[in-house]
Amino acid sequence: MFLYLLYIFIALIVIQFVYYIGIFSKFSFTKQEVIVPKNIPVSVIVCAKNEEENVKEYIPILAQQDYPTFELVLIDDASSDETLEVFEAFEQQFPNIRLVKVKNNEAFWGNKKYALTLGIKAAKYEHLLFTDADCFPHTKDWITQMVAHFDTEKKIVLGYGGYLKTANSFLNKIIRYETVLTAIQYFAWAKAGRPYMGVGRNLAYKKEVFFGVNGFIDHIQVRSGDDDLFINQAANSENTTIAYHPSSFTYSEPKKTFKEWFNQKRRHIATAEHYKLGDQIQLGVFYISQLLFFCAAIFLLIFQYEWIIVVSLIGFRYLFSWISFGFGAKKLNEKDVIFWYPILEFWLIFTQINIFITNIFSKPVHWK
């Protein structure tokens, strides 16, 4: 039995090698592209629901981006706080702001996709750039960096939306580690010609792509997924590219408690159940191989079966995975999580198991 388990253990390491070196390295080891600014007119779209404090702080940053021709489309999704009033004040202050007021609709009650659709239809320009109400761009060149990746073929641009660092917080490191790992994956698969998701915190596409797949209609019943489910449906090897220059990053405040973050990840994982089957399989194989690697390693070490071989295999696995993850994290300016990688990986895997089990017995809450 132990011999068969050792063979399985080796097979799991091979699978991990294929992912980290065969796939993830397409992003981790790639050279930064030199881009040429294009100055394409663009509509920056922000949808907010009960985000009064965040929009007060972040909308001025967006409105003052260093870009020649852009409008800022602010969507108030039937907020019950002062979000709309804040938007109206900014509309008077900045001439490039367009305000979209959404009232609750019985057919799409509390559905962010309905609000975003109204905003997209109201947008003046063909090229659309999205971020969330609790996000802000890293630099004044965010629009320049994101929009420069559009060309006659590339009509979808996937960006990186990171989280701010919190000193002396292990939870913050977990959140940022998970965010980096996810970004490495969707960037790498896009580079490999198999784009499967993006994040609404930093995402751009053309109107023709949105209307070409009838917007969100095929997954309108899924309350989340205005970003990843849309990209999963609309993106392909020809029309999608990535932006990962530090000037293209956006950032937002991370969750402050484990419970808040846990519930957020429950929503994300529940949404992934609606991905294309092939994408579900590639994600499932990766995470299952990680889990089984740990289980097999612990079992073999406890019973001290060929422990020198097992320890060597564990070391080899951590060597290639740490290098691949480390180069990717460095590109995303998240160097401090590299040092904590083994601990964070172990913690995240078993947290994800908890999330999967929890989602089986109860459905997560979506949007606000």
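Up top you'll find the structure we're talking about.
A brief look at the structure comes next. None of the values given here were measured: they were computed from a predicted structure. (Residues numbered from 1 in each chain as written. Predicted model: local features only at pLDDT ≥ 70, side-chain atom pairs only at ≥ 80, totals over all residues. Heavy atoms only, no water.)

1. Considerations on the overall build of the chain
The secondary structure content of the chain amounts to 14 helices and ten strands. Taken against the 2.2 N^0.38 rule, which gives 21 Å for 368 residues, the C-alpha radius of gyration of the chain at 21 Å falls within 12% of a compact globule. For the chain, the spread of C-alpha atoms along the principal axes amounts to about 70 × 45 × 40 Å. The burial tally for the chain puts 56% of its 368 residues in the buried class. Pairs at least 24 residues apart make up 83% of the contacts formed inside the chain by residues separated by at least 6 positions. Put simply, the chain shows about 16500 Å² of open surface, and 61% of that area lies on carbon and sulfur atoms. Of note, the chain has its 37 positive side-chain charges centred 4 Å away from the centre of its 36 negative side-chain charges. (Helix = DSSP H or I, 4+ residues; strand = E, 2+ residues; numbered from the N terminus. Rg over C-alpha atoms; globule rule 2.2 N^0.38 Å. Buried < 20%, exposed > 50% of the residue type's maximum accessible area, 1.4 Å probe, protein only. Contact = heavy atoms within 4.5 Å. Areas by Shrake-Rupley, 256 points an atom, 1.4 Å probe, with all protein chains shown as cover. Lys, Arg positive; Asp, Glu negative; His and termini not counted. Charge placed at Lys NZ, Arg CZ, Asp CG, Glu CD.)

2. What to know about the packing of aromatic side chains
According to the stated counting rule, one finds 43 aromatic pairs in the structure shown. Residues phenylalanine 29 and phenylalanine 327 carry aromatic rings whose centres are separated by 5.3 Å and whose planes lie at 85° to one another, so their mutual orientation is edge-to-face. Of the two residues, phenylalanine 29 is situated in the loop between helix H2 (25–28) and strand E1 (42–48) and phenylalanine 327 in helix H12 (residues 307–331); the sequence distance between them amounts to 298 residues. A ring pair is formed by phenylalanine 293 and phenylalanine 294, whose centres lie 5.5 Å apart and whose planes are at 70°; its orientation type is edge-to-face. For the pair phenylalanine 293 and phenylalanine 294, one class covers both residues: buried. Each member of the aromatic cluster is reached from another via a ring pair, and the members are Phe9, Tyr177, Phe293, Phe294, Tyr318, Trp322, Phe325, Tyr341, Phe346 and Phe350. Residue placement shows arginine 317 over the ring face of phenylalanine 293; its charged tip is 4.8 Å from the ring centre. Arginine 317 extends its terminal NZ or CZ atom over the ring of tyrosine 318, reaching a point 5.0 Å from the ring centre. (Phe/Tyr/Trp six-rings, centres within 6.5 Å; stacked < 30°, edge-to-face > 60°. Lys NZ or Arg CZ within 6 Å of the ring centre and 35° of its normal.)

3. Digging into the sheet that holds strand E10 (residues 250–252)
Within a beta sheet, neighbouring strands are joined by backbone hydrogen bonds and run either parallel or antiparallel to one another. Pairing in this open sheet of three strands is mixed, and the strands run E5-E10-E7 from one edge to the other. The outermost strands of the open sheet, each flanked by one partner alone, are strand E5 (135–137) and strand E7 (161–163). In this sheet, adjacent strand axes meet at a mean angle of 35° when their direction is disregarded. The pairing of E7 with E10 spans three bridges and is classified as parallel. The residue of E10 that forms the bridge with glycine 161 is threonine 250. (Pairing = 2+ DSSP bridges. Axes fitted to C-alpha atoms, helices over the stretch in contact; angles between N-to-C directions.)

4. Let's talk about the pattern of salt bridges
Going through the model one piece at a time under the given rule, you end up with 15 salt bridges. Glutamate 88 is the partner of lysine 101 in a salt bridge, and the nearest nitrogen-oxygen pair spans 3.1 Å. With a gap of 13 residues between them, lysine 101 in strand E3 (residues 97–102) and glutamate 88 in helix H4 (residues 83–93) connect regions that are remote in the sequence. We classify lysine 101 as exposed; its relative accessible area is 53%. When the shortest N-O distance is used, the salt bridge between glutamate 334 and arginine 176 registers 2.8 Å. Taken together, the residues span a long stretch of sequence, with glutamate 334 in the loop between H12 and helix H13 (336–339) and arginine 176 in helix H7 (residues 170–191) at a distance of 158 residues. Each member of the pair, glutamate 334 together with arginine 176, is buried. (Salt bridge = Lys/Arg side-chain N within 4 Å of Asp/Glu carboxyl O.)

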